[in-house]
Amino acid sequence: MTQQKRRLTVTVDPEPVEAANRAVASGSADSLSGWVNAALTDRARRDQQLARLGDALADYEAEFGEISTEEIAQQRRSDRQRAVVVRGPHKRPAKAKTA
């Protein structure tokens, strides 16, 4: 059995409402309600993932000690050095025509 949807009355800033209306007009959302529902679902999922990450970090630090700022900076430097830069195809500028 599926859960019934609930009607809500909320106050929303104009910018997200305009974004939702553009999404509906472009066909990327079925309705304003659907767009808002998807946004709320995404936010709930993200909050849950961040909570799990926080729990994992707390467990790690409980076992191995607090991660220092220097360790974080060192890891960032290491990540930057090992990163592979991927860019899209380069467009060559058009050659200037000579008269």
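Let me begin by describing the structure that accompanies this report. (Residues numbered from 1 in each chain as written. Predicted model: local features only at pLDDT ≥ 70, side-chain atom pairs only at ≥ 80, totals over all residues. Heavy atoms only, no water.)

We now examine the overall build of the protein. For the protein, the helix and strand inventory stands at three helices and zero strands. Reading the protein from its N terminus to its C terminus gives the helix and strand order α-α-α. Its C-alpha atoms give the protein a radius of gyration of 24 Å, clearly above 13 Å, the size a compact globule of 99 residues would have. Dimensions along the principal axes, computed over C-alpha positions, put the protein at roughly 70 × 55 × 30 Å. Of the roughly 10100 Å² that the protein leaves accessible, carbon and sulfur atoms contribute 52%. One finds the centroid of the 17 positive side-chain charges in the protein at a distance of 15 Å from the centroid of its 14 negative side-chain charges. (Helix = DSSP H or I, 4+ residues; strand = E, 2+ residues; numbered from the N terminus. Rg over C-alpha atoms; globule rule 2.2 N^0.38 Å. Areas by Shrake-Rupley, 256 points an atom, 1.4 Å probe, with all protein chains shown as cover. Lys, Arg positive; Asp, Glu negative; His and termini not counted. Charge placed at Lys NZ, Arg CZ, Asp CG, Glu CD.)

So, on to the packing of aromatic side chains. As enumerated under the stated definition, the model contains one aromatic pair in all. Between tyrosine 60 and phenylalanine 64 the ring centres are 4.8 Å apart and the planes differ by 40 degrees, which places this aromatic pair in the tilted class. Separated by four residues within a single helix, tyrosine 60 and phenylalanine 64 lie in helix α2 (residues 32-64), roughly one turn from each other. (Phe/Tyr/Trp six-rings, centres within 6.5 Å; stacked < 30°, edge-to-face > 60°.)

The next thing to look at is the pattern of salt bridges. Across all of its chains, the model carries five salt bridges by this definition. For arginine 46, the salt bridge is made with aspartate 47, and the minimal N-O distance between the two is 4.0 Å. For arginine 82, the salt bridge goes to aspartate 79, with nearest N and O atoms at 3.2 Å. With arginine 82 and aspartate 79 both in helix α3 (residues 69-82) and three residues apart, the pair spans about one turn of that helix. Judged by relative accessible area, aspartate 79 falls into the partly exposed class, the value being 38%. Look at the salt bridges and you will find they share partners, linking Arg43, Arg46 and Asp47 into a network. (Salt bridge = Lys/Arg side-chain N within 4 Å of Asp/Glu carboxyl O. Buried < 20%, exposed > 50% of the residue type's maximum accessible area, 1.4 Å probe, protein only.)

We now examine a nonpolar patch on the surface. A contiguous nonpolar patch, built from Leu8, Val10 and Val12 and spanning about 300 Å² of accessible area, is present on the exposed surface. For valine 10, the position within the fold is in the segment before α1 (14-26). (Patch = residues over 30% accessible without salt bridge, like charges linked within 9 Å, V, L, I, M, F, W, Y side chains within 5 Å.)

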